[in-house]
Amino acid sequence: MLDGPSGAGVLHLPGRERVVPDSPVCRPDCGACCVAASISTPLPGMPDGKPAGVRCIHLQADYRCAIYGSPARPDCCARLRPAPDICGESREEALRLIASLELATLPRVSHSG
Ligand code: SF4
Ligand code: SF4
């Protein structure tokens, strides 16, 4: 789950015109983290949050957030900043990277027998 100190969820700034990982602006037509990342807090219409790999119902066809700027948008979405380890160099790479991070942070189940 992407919910650590570096932020989690998604950042959709208006005018995501640059494709520059490690910039404060998302690449256009991405929204990979709105699909690949899990969100543990409730969202409007998703009271149990969002599982990893499930497209957020607020991700629009143009890959912008329908509730951007709304107080109902989870804090984790507002806090997330694009970064190379999450965003990679393409939407496809971001989907892979975030899925890997999700797997790496899954709770461990201990088997005793
Ligand atoms: S994966 Fe990165 S570039 Fe793509 S929407 Fe999320 S934060 Fe923005
Ligand atoms: S609420 Fe908006 S920013 Fe957060 S995951 Fe959904 S579409 Fe993305």
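## Overview of helix α4 (residues 91–104)
Residues spaced three or four apart along an α-helix point in a common direction, a consequence of the helix completing one turn every 3.6 residues. Here α4 contains 14 residues, and its C-alpha end-to-end distance of 20 Å stays within 8% of the 20 Å for a straight helix at 1.5 Å per residue. Inspection of α4 places Ala94, Leu97 and Ile98 among the buried residues, and these make up the whole buried set. Burial along α4 is one-sided: seen end-on, the buried residues are contained in an arc of 95 degrees. Pointing more than 90 degrees away from the buried face of α4 are the exposed residues Glu92, Ser100 and Leu103. Those residues of α4 that are buried lie in contact with α1 (33–36) and α3 (84–87).

## A short note on the environment of Val35
Following the sequence through the fold, Val35 ends up in helix α1. Note: C-alpha distance between Val35 and Lys50 (15 residues apart in sequence) is 8.7 Å. If we skip the residues at most four places from it in the chain, Val35 touches Gly53, Arg55 and Leu95.

## Here's the deal with the site of ligand 1
Taken together, 13 residues sit near ligand 1, with Cys26, Cys30, Cys33, Cys87 and Ala94 positioned nearest. Broken down by class, the residue content of the shell around ligand 1 amounts to 11 nonpolar, 1 polar and 1 charged.

Cut-off values and rules
- Residues numbered from 1 in each chain as written.
- Chains lettered and ligands numbered in written order.
- Predicted model: local features only at pLDDT ≥ 70, side-chain atom pairs only at ≥ 80, totals over all residues.
- Helix = DSSP H or I, 4+ residues; strand = E, 2+ residues; numbered from the N terminus.
- Expected span 1.5 Å × (residues − 1).
- Buried ≥ 20, exposed ≤ 12 C-beta atoms within 10 Å, placed from the backbone.
- Arc of directions from axis to C-beta.
- Contact = placed C-beta atoms within 7 Å.
- Near = placed C-beta within 6 Å.
- Nonpolar A, V, L, I, M, F, W, Y, C, P; charged D, E, K, R; others polar.

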